[in-house]
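# An overview of the molecular structure
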Amino acid sequence: MDHSADKALIETGGGSSLEQSFCQCVLDGRLPPLVHDAAEHIESAKLPATPFRVGAHLSSPIILADGQIYSTEPDPTLRETDLQKLEVVARHTARRIDLRRQAERNAQLEKCARSSASSRFLHVKAINKSSMEK
């Protein structure tokens, strides 16, 4: 992300109102919970402006047994352990993404290697055929 190192990307206390958040867009049904590129939804979901480009976005509301949506209001009961649990999920997600990307890179390299080997075989075959015709 490109921004000036001497200025915070989002200032403390800054941001939009809840009604203008991506989370609210998901709750309202204006935005699906899984977005591959938020730019594709800007107009249709009436997404709020952000100080940076939002690419992929995941959102899963926490809905309690009584139907209340949790965490749309300030919650002084949140603790460091809650953050640590979220960080575990984030690290697990990062590992899964890394594994998928590595598998995609390996598949691409294998495809290139097969293509290269195939073209070398065709080249050798063409050379052998032209030598035999002489």
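Residues numbered from 1 in each chain as written. Predicted model: local features only at pLDDT ≥ 70, side-chain atom pairs only at ≥ 80, totals over all residues. Heavy atoms only, no water.

Next up on the list: the overall build of the chain. For the chain, the count of helices and strands is three helices and four strands. In the chain, which comprises 134 residues, the proportion classed as buried is 13%. If you sum the accessible surface of the chain, you get close to 11,300 Å²; carbon and sulfur atoms cover 58% of it. (Helix = DSSP H or I, 4+ residues; strand = E, 2+ residues; numbered from the N terminus. Buried < 20%, exposed > 50% of the residue type's maximum accessible area, 1.4 Å probe, protein only. Areas by Shrake-Rupley, 256 points an atom, 1.4 Å probe, with all protein chains shown as cover.)

Structurally, Val26 is set in helix 1 (residues 22-28). Sequence-distant contacts of Val26, defined by excluding residues within four places in its chain, comprise Leu31, Pro32, Pro33, His57 and Ser59. (Contact = heavy atoms within 4.5 Å.)

For the chain, per-residue confidence averages 77 on the pLDDT scale, and residues scoring 70 or more make up 69% of the total. Highest mean pLDDT in the chain belongs to strand 1 (residues 34-35) (89); lowest belongs to helix 2 (residues 42-45) (72). (pLDDT = per-residue confidence, 0-100.)

Another aspect to go through is the pattern of salt bridges. Evaluation of the coordinates by the stated rule reveals four salt bridges. With a shortest N-O distance of 3.1 Å, Asp28 and Arg30 are connected by a salt bridge. The class for Asp28 is partly exposed, based on a relative accessible area of 44%. Note on Arg30: relative accessible area 27%, which makes it partly exposed. (Salt bridge = Lys/Arg side-chain N within 4 Å of Asp/Glu carboxyl O.)

A grouping of Leu27, Ile63 and Ile69 is seen on the molecular surface, where their side chains present a nonpolar patch of about 230 Å² in accessible area. Note on placement: Ile69 falls in strand 4 (residues 69-70). The exposure class of Ile69 is partly exposed, given its relative accessible area of 32%. (Patch = residues over 30% accessible without salt bridge, like charges linked within 9 Å, V, L, I, M, F, W, Y side chains within 5 Å.)

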